[in-house]
Amino acid sequence: MVKEQEVKSAYEVAKERYAEIGVDTEKAIEQLSKVKLSIHSWQGDDIHGFLNPDQELTGGIGVSGNYPGIARTPDELTQDLHEGLSLIPGKHKIQLHTLYAVTDRKKDFDEVGPEDFKYWVDWAKEEGVGLDMNGTFFSHPKVKHNFTLASPEKEIRDFWIKVGKQSRAISNYFGEELGQQSVNNFWIPDGFKDNPIDKLSPRKRLIESLDEIIKEKYDEKNTIEAFEGKLFGTGIESYTVGSHLFYNNYAITRDKLWTIDAGHWHPTEDVSDKFSAFMPFGKGLMLHVSRPVRWDSDHVVIFDDALVRIARSLVRDDLLSKTNIGLDFFDATINRVAAWVIGARSTQKALLQAMLAPIDDLKKAENEYDFTKRLAVTEELKSFPFGAVWDEFCQRNNVPVGLDWMDEIRRYEKAVQFKRN
Ligand code: RNT
Ligand code: ZN
C-alpha cells in the first residue's frame, strides 16, 4: 500500500516546483475534478448486450480475446462498472447502447423505449453517474448487406429510423431523470466492401433518414445528438456513407455535435488538430477516445503521444466545456474492469499533465515570436513531477494511489469474476 504521508510530501514538493513556473497545482486539481468521462458499458461484455446476446457482432468492428469473467447479465455488468468506477477518481457518466435495454419480455431493437432503461436509471442514481446513449445499428438481421439508415430499401430504413427515434426518447429520459444532459451518439456501419457505382444516393438517403429521426424537438437540457463518422470498417473498406466530411457538415448544418473517434482516421492523421478547426463553426464535440494500433483496432487507451496531444488541444484551447470525452475501446484479452480503469485513468492523467502548464505565459511567448521559450518550456515540462499531483488527486478522491488499484482488481476477479464460469 502506498503511504498517505508519502503522497502528501511528494505533492508538496511538486506544488513548489510548479509554482516556480507560475502553475497552480490546486487549480489543476480543481479543474480535473470537473471533467466527466463517458465510460463505455461495452468494454464490460464485448458488446453483446442483453437484447440478442447470441447474435454475432457485425458492423465491421471486432473484439478479440476471452479473458474469464465476462459480464453476462445486467447485474453482473453494473457490478463490474461499480468496481471500475471505484478505482477511477471523480464523478463520471456511462455510455449505453440500445443493446443494453433490460426488458421484461423479448423485444426487438425498434421496440425498446425509456421503460426498458429504468434499470439503468435507478442504478445511475444510486451510483451518482450520468448516462449517455447510443442507438444500436449493428448486430441485427435487419442490417442488410451492411446497410441501415442509408439502405436502398424503405422498409429497412424505416426500421432503423424507428430505432433512432427510440434512442432519442431514451436519451431524453436519461437527461430528465438524472438532471444532466445525455449525449446521444449515432454511428452506423453503412458502406461497401468494393467500389460503388453511386456514392451520392446513399448519402442523400442517410440525410433523409437522419432528418426524420431528429424531427421531434427535445429540450437540449436533456439530450443532444452527436454524429460519428468513419473512414472504413472491416468488410466495408471501399466506401463509408457516413464519412467524416459528411457528418462534419451534418453536425454544423443541424446544430448538433460532431463525434471524433480517435481510431477512425488514417494512422498518421493527428485527430487533436481537428478540434480547433471544427469548434469555431460547431456547437460542440463528442470524443471517442480509442487507440488504433495499425488500424481501427480499438485497443485500450494508454498514455501515448496521441492521447497527450488530444488532452493538450482540449486544455490549451480551452475546449473542455464544449467537449464530451467518451471512451471507446474493447479488449477481451485482459481483465475487462482493468481495461476501463487503465483507459480512464490514462485519459485523466493526460488531461492533468496538460493542465499543469503555464499556458497563458506560453501563449504570450508565442504571440511575441519567442519560439525559443515555447520549445524550452514545453520540453522541460515533460519531466516535471506531474505524477505526484496525480497521486494526490487520487488520494483526495479516495481511490487507490499508484498500482494499489491492481491489488483490488486481483481480489475482485478471484472473488467475483472468476466464479462466473
Ligand atoms: C464503431 C464506432 C462505434 C462503436 C460503438 C460500439 O467503429 O467507433 O462508436 O465502437 O458504438
Ligand atoms: Zn466510436
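Residues numbered from 1 in each chain as written. Chains lettered and ligands numbered in written order. Predicted model: local features only at pLDDT ≥ 70, side-chain atom pairs only at ≥ 80, totals over all residues. Heavy atoms only, no water.

Peer 1: So what's going on with the overall build of the protein chain? Residues and values would help.
Peer 2: In terms of helices and strands, the protein chain carries 14 helices and ten strands. Principal axes of the C-alpha set define a box for the protein chain whose edges measure 65 × 55 × 40 Å. Out of the 421 residues in the protein chain, the part that is buried amounts to 56%. Sequence separation of at least 24 residues holds for 81% of the intrachain contacts in the protein chain that already meet a minimum separation of 6. With the model as given, the accessible surface of the protein chain reaches about 18700 Å², and the carbon-plus-sulfur share is 51%. Averaging the coordinates of the 55 positive side-chain charges in the protein chain and doing the same for the 69 negative ones gives two points 2 Å apart. (Helix = DSSP H or I, 4+ residues; strand = E, 2+ residues; numbered from the N terminus. Buried < 20%, exposed > 50% of the residue type's maximum accessible area, 1.4 Å probe, protein only. Contact = heavy atoms within 4.5 Å. Areas by Shrake-Rupley, 256 points an atom, 1.4 Å probe, with all protein chains shown as cover. Lys, Arg positive; Asp, Glu negative; His and termini not counted. Charge placed at Lys NZ, Arg CZ, Asp CG, Glu CD.)

Peer 1: I'd love a proper account of the coordination of the zinc ion (ligand 2), names of residues and values included.
Peer 2: Protein coordination at the zinc ion (ligand 2) comes from E228 (OE), D261 (OD), H288 (ND1) and D328 (OD), with a distance range of 2.1 to 2.2 Å. Considering all six donor atoms around the zinc ion (ligand 2), angles at the metal cover 72 to 169 degrees and the coordination shape is octahedral. Coordination of the zinc ion (ligand 2) draws on donor residues from a single chain, spaced E-x32-D-x26-H-x39-D in sequence. Residue D261 is located in strand β8 (residues 257–261), and its partner D328 is located in the loop between β10 (323–327) and α10 (336–355); the two are separated by 67 residues in the primary sequence. (Donors = N, O, S within 2.8 Å, 3.2 Å for Na, K, Ca; no water. Tetrahedral: all angles 85-135°; square planar, octahedral: opposite > 155°, others 65-115°.)

Peer 1: Mind laying out the packing of α10 against helix α14 (residues 404–415), listing which residues take part and the relevant values?
Peer 2: Between two packed helices, what matters for the description is the angle formed by their axes and the separation of those axes. Two numbers describe how α10 lies on α14: the axes approach to 10 Å, and their chain directions differ by 160 degrees. Classed by the angle they form, the pair α10 and α14 counts as roughly antiparallel. Considering the relative orientation of α10 and α14, their crossing is right-handed. Mapping the contact onto sequence places V337, A338, V341, I342 and R345 in α10 and W405, I409 and Y412 in α14. Of the residues in the contact of α10 with α14, the class split is seven nonpolar, no polar and one charged. (Axes fitted to C-alpha atoms, helices over the stretch in contact; angles between N-to-C directions. Parallel < 35°, antiparallel > 145°, perpendicular 65-115°, else oblique. Left-handed = near helix turned anticlockwise from the far one by under 90°. Nonpolar A, V, L, I, M, F, W, Y, C, P; charged D, E, K, R; others polar.)

Peer 1: Tell me about the UniProt feature "binding site: Mn(2+)" (unreviewed entry) in the protein chain, and please be specific about residues and values.
Peer 2: Following the UniProt record, the feature "binding site: Mn(2+)" (unreviewed entry) maps to H264, D296 and D298 here. For this annotated set, covering 35 residues, all C-alpha atoms fall within 9.6 Å of each other, a compact arrangement in space. Checked against the lining of the largest cavity, the annotated residues reduce to H264, D296 and D298. As for its position among the elements, D296 is in the loop between β9 (285–289) and α9 (305–316). The exposure class assigned to D296 is buried, which follows from its relative accessible area of 8%. If we ignore the near neighbours within four places in the chain, the residues touching D296 are K230, G263 and H264. (UniProt positions renumbered as here; feature names shortened; annotations may be inferred. 1 Å grid on protein atoms, 1.4 Å probe; cavity = no way out; pocket = protein on both sides within 12 Å on 5 of 7 lines; lining within 4 Å.)

Peer 1: I'd like a description of the site of ligand 1, backed by residues and values.
Peer 2: Lining the immediate environment of ligand 1, one finds W42, I61, H97, W187, E228, K230, D261, H264, H288, D296, D328 and F330. Here an oxygen atom of ligand 1 sits 2.9 Å away from a polar atom, N or O, in the side chain of D261. For ligand 1, whose free accessible area comes to 310 Å², the fraction covered by protein is 99%. Judged by its atoms lying within 2 Å of the grid points, ligand 1 is housed in the largest cavity. (Near = heavy atom within 4 Å. Polar contact = N/O pair within 3.5 Å; in protein donor to acceptor, adjacent residues only side chain to side chain. Sits in = over half its atoms within 2 Å of the grid points.)

Peer 1: I'd like a description of the pattern of salt bridges, backed by residues and values.
Peer 2: Considering all chains together, one arrives at 33 salt bridges under this definition. When the shortest N-O distance is used, the salt bridge between K283 and E220 registers 3.1 Å. Of this pair, K283 sits in the loop between α8 (272–278) and β9 while E220 sits in the loop between α6 (200–213) and β6 (223–228), and the two are 63 residues apart along the sequence. Look at K283 and you get partly exposed, because its relative accessible area is 28%. Via salt bridges that share partners, K8, E26, E392 and R396 belong to a single interconnected network. (Salt bridge = Lys/Arg side-chain N within 4 Å of Asp/Glu carboxyl O.)

Peer 1: So what about the sheet that holds β8? Which residues, and what values?
Peer 2: A barrel is described by the order of its strands in space; here eight strands give the closed sequence β1-β2-β3-β4-β6-β8-β9-β10, paired in parallel fashion. Mean inter-strand twist for the sheet, computed between neighbouring axes without regard to direction, equals 25 degrees. As paired strands, strand β2 (residues 93–95) and strand β3 (residues 130–134) are joined by three bridges and run parallel to one another. From the neighbouring strand, K93 faces β3, where its bridge partner is G130. (Pairing = 2+ DSSP bridges.)

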